[in-house]
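Chains, contacts and geometry: an overview
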Amino acid sequence: EVQLVESGGGLVQPGGSLRLSCAASGFIFSSYNMNWVRQAPGKGLEWVSYISSSSNSIYYADSVKGRFTISRDNAKNSLFLQMNSLRAEDTAVYYCASSFSEWVEGAYSTSPTSFDPWGQGTLVTVSS
Amino acid sequence: QSALTQPASVSGSPGQSITISCTGTSSDVGGFNYVSWYQQHPGKAPKLMIYDVSNRPSGVSNRFSGSKSGNTASLTISGLQAEDEADYYCSSYTSSSTRVFGGGTKLTVL
């Protein structure tokens, strides 16, 4: 079964740091591009960051550029998000999500720009 | 990186069809065939419903369909069912190689 499990969330003071992890299983993690997406309480989805399968390409939303760093360890099937200089507006559930692909009746479909599957999310609260 | 524009809410009766729009610019929705749609029930992770404008992942009902014209993409749900009541989000690839979501649309099945 394909599974993504986030961890590392919690309560942190403004200006503090936190490192999120996402453990992948059930698929060849090293072949997939990965993303972090967040959702503030009661708000919509916001894309945060992208990393290619080999870590050659990395992109960030303007709202986190210079403060957050995405990385991955393909040997350990893990994705990370290092979050520094945290602000109240970073409070959100953080999801990791893979790029989409599937085999159906011998046909392979993929969409590097779509997100599937998703983890269950980890809550980050930035407050004093 | 402005969010894509979606209506805040739409509603329909069981059996009816509804359409949710998603408007961007030529730098995102209009520039690429990389629009995807997600369904999110309360307290749950989003689920991919449509990818690359009009493709359905296996297991997604054929009542869900996607299209695009110019800078506006659309998600149509036909034969509305009670379980379709959820929040729906569009997403697009952008010319900066980033991704952007819409603000989300709450679908109410009357």
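What comes next concerns the included structure. (Residues numbered from 1 in each chain as written. Chains lettered and ligands numbered in written order. Predicted model: local features only at pLDDT ≥ 70, side-chain atom pairs only at ≥ 80, totals over all residues. Heavy atoms only, no water.)

In terms of helices and strands, chain B carries 0 helices and 9 strands. Starting at the N terminus and walking to the C terminus, you meet the elements of chain B as β-β-β-β-β-β-β-β-β. Its C-alpha atoms give chain B a radius of gyration of 13 Å, within 12% of the compact-globule value 13 Å for 110 residues. Referenced to the eigenvectors of the C-alpha coordinate spread, the extents of chain B come out at roughly 40 × 25 × 25 Å. Out of the 110 residues in chain B, the part that is buried amounts to 47%. Counting only contacts in chain B whose residues sit at least 6 apart along the sequence, the fraction spanning at least 24 positions is 56%. Of the roughly 4700 Å² of accessible surface on chain B, 44% is carried by carbon and sulfur atoms. Averaging the positions of the 7 positive and the 6 negative side-chain charges in chain B gives two centres separated by 4 Å. (Helix = DSSP H or I, 4+ residues; strand = E, 2+ residues; numbered from the N terminus. Rg over C-alpha atoms; globule rule 2.2 N^0.38 Å. Buried < 20%, exposed > 50% of the residue type's maximum accessible area, 1.4 Å probe, protein only. Contact = heavy atoms within 4.5 Å. Areas by Shrake-Rupley, 256 points an atom, 1.4 Å probe, with all protein chains shown as cover. Lys, Arg positive; Asp, Glu negative; His and termini not counted. Charge placed at Lys NZ, Arg CZ, Asp CG, Glu CD.)

Another point: the interface of chain A and chain B. Contact with chain A, which involves 27 residues of that partner, is made by 24 residues of chain B. In total, about 1900 Å² of surface goes out of reach between chain A and chain B, with carbon and sulfur atoms giving 58% of it. Between the two partners, chain A and chain B, sit 0 salt bridges. Taken together, the links from chain A to chain B amount to 5 residue pairs in polar contact (both at pLDDT 80 or more). Elements represented by at least two residues in the side of chain A that touches chain B include exactly β4 (34-39), β5 (45-51), β6 (58-60), β9 (92-104) and β10 (107-118) of chain A. For the side of chain A that touches chain B, the element with the highest residue contribution is β10(A), accounting for 9 residues. (Buried area = accessible area lost by both parts, 1.4 Å probe. Salt bridge = Lys/Arg side-chain N within 4 Å of Asp/Glu carboxyl O. Polar contact = N/O pair within 3.5 Å; in protein donor to acceptor, adjacent residues only side chain to side chain.)

Residues and elements named next belong to chain A. Structurally, the position occupied by Ser-101 is in strand β9. A distance of 2.7 Å separates polar atoms of two side chains, one belonging to Ser-101 and the other to Tyr-32. With residues up to four places along the chain from it excluded, the contact list for Ser-101 reads Tyr-32, Tyr-108, Ser-109 and Thr-110.

A separate point is the environment of Val2(A). All names here are of chain A. Relative to the helices and strands, Val-2 resides in the segment before β1 (3-7). Accessibility expressed as a relative area gives 41% for Val-2, which makes it partly exposed. Val-2 sits 13 residues away from Gly-15 along the chain, and the two C-alpha atoms are 35 Å apart. Excluding its chain neighbours within four sequence positions, the residues that come into contact with Val-2 are Ser-25, Gly-26, Phe-27 and Pro-117.

All names here are of chain B. Read across the open sheet, the 3 strands follow the order β2-β6-β5; overall the sheet is antiparallel. Lying at the two open borders of the sheet, with one neighbouring strand each, are β2 (18-23) and β5 (64-69). Strand-to-strand, the axes of this sheet are offset by a mean angle of 20°, without reference to chain direction. Two elements, β5 and strand β6 (residues 72-77), share 6 bridges in a ladder whose sense is antiparallel. Pairing of Ser-65 across the sheet is with Thr-76, part of β6. (Pairing = 2+ DSSP bridges. Axes fitted to C-alpha atoms, helices over the stretch in contact; angles between N-to-C directions.)

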